[in-house]
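# Coordinates in review
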Amino acid sequence: MASKRQIRVGGVLIGGGAPVAVQTMTKTETADLHATMDQISRVADAGADIVRVAVPRDRDVEALKEIVRDSPIPVIADIHFNYTLALKALDAGAHCVRLNPGNIGGPDKVAQVTARATELGTPLRVGVNSGSLPAHLRQLEYDNPVEALVSAAVETVALMERLDFRNFKVSMKSTSVPNTIAANRLLAERIPYPLHLGVTEAGTKWSGSLKSAVGLGTLLADGIGDTIRISLSTFHAEEEVKVAWEILKALKLRERGPVLIACPTCGRLQFDMDSVVAEVERRLQAYEDPIEVSVLGCAVNGIGEARHADFGITGAKDMGMIYSRGEPLKKVPTDRLVDELFAEIDRYYEAGKTVVRDEARAAEARQWLSENEDSTALTPERIAAMEKAAARLHEDASPVAGRRFTRA
Ligand code: SF4
């Protein structure tokens with residue numbers, strides 16, 4: 001249920017079926033050009049499609065002109081309370097201006113902003129926040145916070161339409177995950193405009209990432225949401241971008257860089273998998289292709305569970321194995337696992353994305369696998385073989401099963 005309408009922020013399409021855009025917000029004082037541009041460059045490298053900067057003072061507007069000129073990604077100016085700053089941000093060339101029509105000084109002031117945005121062809125992001133709903137919705141907020149949030153958003157949309165302005169996206173922020181989910185589900189049914197999703201003040205990197213993954217992930221899995229921002233209490237905005245990407249990658253909504261799969265480990269583990277996974281994750285950052293790499297702590301279940309992985313390793317005490325798409329490639333000493341894994345990955349790219357298999361080494365690895373996997377474990381391959389054998393047995397035993405009947 002992507003939004004029906006689409007807008008364009010700089011070169012990035014939002015809504016109307018466009019890929020879900022990743023946003024973040026700089027944590028620097030915007031007027032500190034050096035620090036702000038440095039952070040924008042880091043979030044762009046991490047994969048942000050769009051960046052938002054706070055514009056609370058005139059000196060931030062001054063900086064905004066240079067930021068818009070030099071930023072590698074579109075820039076949204078974040079304005080509260082002061083409509084003249086919104087006008088100045090539009091004139092400074094911001095690719096979009098975010099404002100909350102409820103705190104900007106009344107419809108007349110909003111009208112001045114939409115008029116200027118129309119002249120310049122610049123979109124707006126309009127939104128409501130659970131912490132600052134209009135006075136007439138306070139009782140409803142107490143009785144039904146979700147309906148209050150949605151009503152405030154619908155009223156904002158109605159105001160925009162009365163002003164004959166439709167080049168906007170909408171956001172509805174709440175600190176509550178259930179309310180974020182319920183409110184956005186309702187709003188997506190009521191308006192055709194693109195939705196920006198976020199759980200506001202989500203928390204630390206750990207808890208905030210989880211809250212955002214649950215809240216935004218639920219909505220995105222339903223097809224709701226056209227752009228997302230993960231709000232984390234960290235000065236490193238690129239961390240927000242990385243979390244956003246993990247959510248989109250987990251839902252297979254977008255691809256960016258390799259996907260690492262790792263088993264959770266258990267009492268069967270015989271090597272230092274923590275460091276191996278960390279090292280594999282670190283080295284994979286140098287690759288842009290969305291290859292899937294798997295790390296299994298042991299070969300108890302064979303490698304069937306990772307049969308979709310382009311490359312993977314499974315370890316044991318002294319020896320481990322490199323495999324590709326469910327087939328062994330070679331066995332190597334455990335302390336060489338990571339280096340040999342990346343040697344195979346690089347060979348794959350050098351050969352034009354073809355897995356290069358040395359049959360003698362693969363046979364050696366197969367032998368190692370058969371000695372190390374648990375012969376009693378019910379791997380998917382073994383279950384399939386058992387089912388096949390059972391079906392054959394049934395056919396042999398039954399006088400009718402498996403026979404073809406034809407009409408006389
Ligand atoms: S792959 Fe091995 S070590 Fe990892 S969780 Fe499964 S049984 Fe445990």
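Above this text you will find the structure in question.
A brief structural summary. This structure is a prediction, so every number in the text was calculated from the model and none was measured.

### Focus on the packing of aromatic side chains
A ring pair, where both rings are aromatic, is described by two values, the distance of the centres and the angle of the planes. Inspection of every chain in the model, using the stated rule, returns 6 aromatic pairs. Ring geometry for Phe 168 and Tyr 193: centres 4.1 Å apart, planes at 25 degrees, overall stacked. Taken as a pair, Phe 168 in strand β8 (residues 168–173) and Tyr 193 in the loop between α7 (177–190) and β9 (195–197) lie far apart in primary sequence, 25 residues in all. Feature note: the residues Tyr 287, Phe 311, Phe 342, Tyr 348 and Tyr 349 constitute an aromatic cluster, connected by ring pairs. In this arrangement the basic side chain of Arg 256 is found over the ring face of Trp 245, its NZ or CZ atom lying 5.6 Å from the centre.

### A short note on the pairing of strand β2 (residues 12–15)
Across 4 bridges, the pairing between strand β1 (residues 6–9) and β2 is antiparallel. For Arg 8, the partnering residue across the bridge sits in β2 and is Leu 13. Where β1 hands over to β2, the hairpin turn is made up of 2 residues, of which Gly 10 adopts a positive phi near 60 degrees.

### As for the packing of helix α3 (residues 83–91) against helix α4 (residues 107–120)
Between α3 and α4, the least distance of the axes is 9 Å, while the angle of their chain directions is 5 degrees. Considering their axes alone, α3 and α4 lie roughly parallel with respect to each other. Together, Tyr 83, Ala 86, Leu 87, Leu 90 and Asp 91 of α3 and Lys 109, Gln 112, Val 113, Arg 116, Ala 117 and Leu 120 of α4 make up the contact between the two elements. The class makeup of the residues in the contact of α3 with α4 is 7 nonpolar, 1 polar and 3 charged.

### A closer look at the nonpolar core
By size, the foremost hydrophobic cluster in this structure holds 76 residues, and its most contacted members are Leu 64, Ile 79, Val 97, Phe 168 and Val 170. Here this core gets 9 residues from one element, more than from any other, and that element is helix α6 (residues 145–162). When neighbours within four sequence positions are excluded, Phe 168 is seen to be in contact with Ile 7, Leu 124, Val 126, Val 157, Met 160, Tyr 193 and Pro 194. The next biggest cluster of nonpolar side chains, apart from the first, holds 21 residues, and it includes Val 280, Ile 313, Leu 329 and Val 332.

### Some points on the pairing of strand β7 (residues 124–129)
Counting buried residues in β7 gives 5 out of 6 residues, a clear majority hidden from the surface. Pairing of strand β6 (residues 96–99) with β7, which is carried by 3 bridges, proceeds in the parallel orientation. Across the sheet, the residue bridging to Leu 99 is Val 126, located in β7. Following the backbone out of β6, through α4 and into the adjacent parallel β7, one traces a crossover that is right-handed. Here 6 bridges tie β7 to β8, and the two strands are oriented parallel to one another. Note on β8: the bridge partner recorded for Gly 127 is Ser 171.

### Some thoughts on the site of the ligand
In the neighbourhood of the ligand, the contacting residues comprise Cys 263, Pro 264, Thr 265, Cys 266, Arg 268, Gly 297, Cys 298 and Val 300. When its residues are assigned to classes, the shell around the ligand shows 5 nonpolar, 2 polar and 1 charged.

### Comments concerning the environment of Ser 212
Examined against the element boundaries, Ser 212 turns out to sit in helix α8 (residues 205–221). Assessed through its relative accessible area of 0%, Ser 212 is described here as buried. In the structure, Ser 212 is positioned 35 residues away from Val 177 in sequence and 7.8 Å away in space, judged by C-alpha atoms.

### What about helix α11 (residues 337–350)?
Compared with the 20 Å implied by 1.5 Å per residue over 14 residues, the 20 Å span of α11 between its first and last C-alpha is a close match. Every buried residue of α11 is accounted for by Leu 337, Val 338, Glu 340, Leu 341, Phe 342, Glu 344, Ile 345 and Tyr 348. Those residues of α11 hidden inside the fold are in contact with α10 (273–284), β12 (292–296), β13 (311–315), β14 (319–324) and β15 (327–333).

### Remarks on the sheet that holds β9
Ordered in space as β3-β4-β5-β6-β7-β8-β9-β10, the 8 strands form a closed barrel in which the pairing is parallel. Averaged over neighbouring strand pairs, the angle between their axes works out to 25 degrees when direction is ignored. As defined by bridge partners, strand β5 (residues 75–78) adjoins β6 across 3 bridges and the pair is classed as parallel. Across the sheet, the residue bridging to Ala 77 is Val 97, located in β6. Helix α2 (residues 58–70) contacts β4 (50–54) and β5 of the sheet and is inclined by roughly 170 degrees relative to β5.

### Quick notes on the pattern of salt bridges
Considering all chains together, one arrives at 34 salt bridges under this definition. A salt bridge links Asp 60 to Arg 57; the shortest N-O distance between them is 3.1 Å. Residue classification places Asp 60 among the buried positions, given a relative accessible area of 0%. Look at Arg 57 and you get partly exposed, because its relative accessible area is 32%. A salt bridge links Asp 78 to Arg 98; the shortest N-O distance between them is 2.8 Å. Taken as a pair, Asp 78 in strand β5 and Arg 98 in strand β6 lie far apart in primary sequence, 20 residues in all. Grouping residues by exposure puts Asp 78 and Arg 98 together as buried.

### Focus on the environment of Asp 339
Note that Asp 339 resides in helix α11. Asp 339 gets classed as partly exposed once you look at its relative accessible area, which sits at 33%. Considering only alpha carbons, one finds Asp 339 and Ala 31, 308 residues apart in sequence, at a separation of 45 Å. Reaching out from Asp 339, the side chain makes a polar contact with the side chain of Arg 283 at a distance of 2.7 Å.

Conventions adopted
Residues numbered from 1 in each chain as written. Predicted model: local features only at pLDDT ≥ 70, side-chain atom pairs only at ≥ 80, totals over all residues. Heavy atoms only, no water. Phe/Tyr/Trp six-rings, centres within 6.5 Å; stacked < 30°, edge-to-face > 60°. Helix = DSSP H or I, 4+ residues; strand = E, 2+ residues; numbered from the N terminus. Lys NZ or Arg CZ within 6 Å of the ring centre and 35° of its normal. Pairing = 2+ DSSP bridges. Axes fitted to C-alpha atoms, helices over the stretch in contact; angles between N-to-C directions. Parallel < 35°, antiparallel > 145°, perpendicular 65-115°, else oblique. Contact = heavy atoms within 4.5 Å. Nonpolar A, V, L, I, M, F, W, Y, C, P; charged D, E, K, R; others polar. Core = buried A, V, L, I, M, F, W, Y, C linked by side-chain atoms within 4.5 Å. Buried < 20%, exposed > 50% of the residue type's maximum accessible area, 1.4 Å probe, protein only. Right-handed = clockwise from strand over helix to strand, strands pointing away. Near = heavy atom within 4 Å. Expected span 1.5 Å × (residues − 1). Salt bridge = Lys/Arg side-chain N within 4 Å of Asp/Glu carboxyl O. Polar contact = N/O pair within 3.5 Å; in protein donor to acceptor, adjacent residues only side chain to side chain.

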